[in-house]
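# Breakdown of the fold
Each chain is listed here by its residues.
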Amino acid sequence: MTATPTIAVVGSGPIGSTYARLLLEALPDARVIMFEAGPQVTERPGESVRNITDPDEKARAREKSQGPQAGSFRESLGIPAGAIVEGMFTARQGTHLLDFGGPGSAHAQAFPAAAAATNVGGQGAHWTCAIPRPAFSEKLPFIADDEWEDLVSTAEDLLHKQSAAFSDSPVGAAIRTLLDREFGAELPEGYGVSTLPVAGDPQPDGTMRWAGADTVLGPLIEPGSDTAARFALRDLTLVRRVEHDGTTVRGLVVEDLRTREQSFVEADAVVVAADAFRSPQLLWASGIRPAPLGRYLTEHHVVISTVALDAERMSALVSDEELEAELARRATNPADPVAAVNRIPFSEPDHPYSAQIMYAETPPFPLPADHPAAANRWGYVNMGFGTRKFPRVEDGATFSDDELDYRGMPNFTIDYALTARENAEIAEATERLRRAGQALGAFIAEPRLLPNGSSLHFMGTMRAGTDPATSVADPYSRVWGFENLVVGGNGLIPTANTMNPTLTSIAIAVRGARHLADQLRAAQREDAQVV
Ligand code: FAD
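Worth saying up front: this structure is predicted, and the values here are computed from it rather than measured.

## Focus on the pattern of salt bridges
- Overall, the coordinates contain 33 salt bridges when judged by the stated rule.
- Taking the shortest distance from any N to any O, the salt bridge between Asp-226 and Arg-230 comes out at 2.9 Å.

Dropping the structure here:
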């Protein structure tokens, strides 16, 4: 080990950023080099594009993040125009489908809506910033409650958690009251209808500055700080391979996508946080192929609908003046349509669903002018009930030795199917969504199950666990059999989880980073003694 350890981080999303920040803060001599395949799309690295108020600028930042589906930007990355074809599904803004249908596209007919973001900040530049804690069986079984509390609180601090964002919204409060009347008696203490914790900083004008990887990186991107001097972020740099001898990694082979030049970067430890499909893909490409790699894929399935809020029920709870004041406040930031975020959290045994209820003044799709709910003064709610997918080895990505994807990495096929148990929970969640909608107003979009992959919360493909037969990483996120190779991201979550997973993945990363820092510190001490 070198006297000043170098840690190479693959991926600049919230998880890679957590490792960079905690390692540099824990190790005063260390350096971190972070490699990101996509471009920097905001002035401040990794910032949420939702904070961009100019609509054209926002659209440009999103388009640049769309990798093989990034239009003209695609060409500057050297990706052939033929890689884009129109498919049945379109990706959410800022993301690109894994199975986009062109040459080098993944094969994901069973998981068709699966998408990724390729930009500094990763999906964390486009996310909704909902950060609920996992509960009951969603939690990781091998981390004791006391330690978990510390890990998850640290993760919340890194993300600037706000537990009461928009709590002063009278419309948001009225939505909670109506939902509580419908469901309150059925929900256990502490798991009732409530505001959804989000990541960001409330602004004096009542809007939010949404958190991204920039929030997590914190001092690392503040010019002049001690940690900034030891941190380097290289965008448009694709990591092609982790170099290793079977138990120890030596560094990375990286390709500068601007020049197409490849080089070797030596590192004392490597952290792979390149999302739930592309991290296992990189390990596979590097000849690191434990049997569970890419398998046990889960997401939370989502049943959604949109409801126009009922004027009579709302006006019984919110005065005209309060509504006018709320609309005036909202008009100060028309670019951000979300005005209040409520939830019914997962609880066991009776409510194994995670409901997210977003109030917005405009519907998510245009309504014809003569629609009875068009221009509803009370606004709309977009609701989603997340349901469980129980981990099975059959579900997951199979990587190919013969076929390359559009980046020249091993291509993959995703196998995935819902079981009878999962379909039964989806049917039950649909019923509850119907009840929630009826409690709030009139449906303008009937409840429907989104296609597989739509949650964008892909888990299980690099599970952390205590048994190498069914997990890729040990309880400290180290790839089994390797001392200095750590993995991070939603792929580590081994449970059937209905919640938005980023907070959990950051908490897991906090544990991994602390352990790796201890390990590197111990190695430094040993080296000092030898000298
Ligand atoms: P990512 O953020 O995906 O970052 C991985 C990065 O690795 C990417 O930038 C990628 O380009 C890079 N990379 C991949 N391969 C390589 C390579 N070989 N070399 C170099 N770089 C590479 N989660 C929540 O918890 N709450 C929400 O409300 C929520 N809403 C979302 C809404 C949207 C529209 C989207 C898109 C996502 C949402 N998510 C949400 C998911 C959340 O954004 C992710 O959980 C989170 O970003 C995962 O962080 P990560 O660092 O593991 O991966």
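The structure having been displayed, the exposition proceeds.
## Examining the domain arrangement of the chain
- Each assigned domain of the chain is listed with its residue range as follows: domain 1 (1-81 + 118-160 + 212-295 + 459-531) and domain 2 (163-210 + 301-387 + 417-451).
- Taking the mean C-alpha position of each, domain 1 and domain 2 sit 32 Å from one another.
- Counting residues at the interface gives 25 residues for domain 1, matched by 26 residues for domain 2.
- Of the roughly 1,900 Å² buried at the junction of domain 1 and domain 2 (both faces included), carbon and sulfur atoms supply 53%.
- In this assembly, domain 1 and domain 2 are joined by 2 salt bridges.

## Brief notes about the pairing of strand S1 (residues 6-10)
- Burial runs high along S1: 5 of the 5 residues are buried.
- Where burial is concerned, the two faces of S1 agree: the one with Thr-6, Ala-8 and Val-10 and the one with Ile-7 and Val-9 are both buried.
- Relative to strand S2 (residues 31-35), S1 is paired through 5 bridges, and the arrangement is parallel. If you follow Ile-7 over to S2, its bridge partner there is Val-32.
- Assessed by its sense of winding, the connection that carries the chain from S1 through helix H1 (residues 14-26) to S2 is right-handed.

## A short note on empty space enclosed by the protein
- On inspection of all chains with the given rule, the structure shows 1 cavity of 30 Å³ or more.
- Considering only enclosed or pocket space, the largest cavity measures out at about 100 Å³ in volume.
- The residue inventory of the lining of the largest cavity, partitioned by class, reads 6 nonpolar, 5 polar and 3 charged.

## Notes on the site of the ligand
- The local shell around the ligand holds 37 residues, among which Glu-36, Gln-123, Ala-130, Asn-490 and Thr-502 are the closest.
- Ile-15 has a polar backbone atom sitting 3.0 Å from an oxygen atom of the ligand.
- The protein chains hide 98% of the 1,000 Å² of surface that the ligand would expose on its own.
- Looking at the shell around the ligand, the elements with two or more residues in it are H1 and strand S10 (237-244).
- At 3 residues, the largest contribution of residues to the shell around the ligand is made by S10.
- Tallied by class, residues from the shell around the ligand come to 15 nonpolar, 17 polar and 5 charged.

Here is what the cut-offs are and how they apply
- Residues numbered from 1 in each chain as written.
- Predicted model: local features only at pLDDT ≥ 70, side-chain atom pairs only at ≥ 80, totals over all residues.
- Heavy atoms only, no water.
- Salt bridge = Lys/Arg side-chain N within 4 Å of Asp/Glu carboxyl O.
- Domains from an automatic or database assignment.
- Contact = heavy atoms within 4.5 Å.
- Buried area = accessible area lost by both parts, 1.4 Å probe.
- Buried < 20%, exposed > 50% of the residue type's maximum accessible area, 1.4 Å probe, protein only.
- Helix = DSSP H or I, 4+ residues; strand = E, 2+ residues; numbered from the N terminus.
- Pairing = 2+ DSSP bridges.
- Right-handed = clockwise from strand over helix to strand, strands pointing away.
- 1 Å grid on protein atoms, 1.4 Å probe; cavity = no way out; pocket = protein on both sides within 12 Å on 5 of 7 lines; lining within 4 Å.
- Points joined across faces, edges and corners; volume = space filled by probe spheres on them.
- Nonpolar A, V, L, I, M, F, W, Y, C, P; charged D, E, K, R; others polar.
- Near = heavy atom within 4 Å.
- Polar contact = N/O pair within 3.5 Å; in protein donor to acceptor, adjacent residues only side chain to side chain.
- Areas by Shrake-Rupley, 256 points an atom, 1.4 Å probe, with all protein chains shown as cover.

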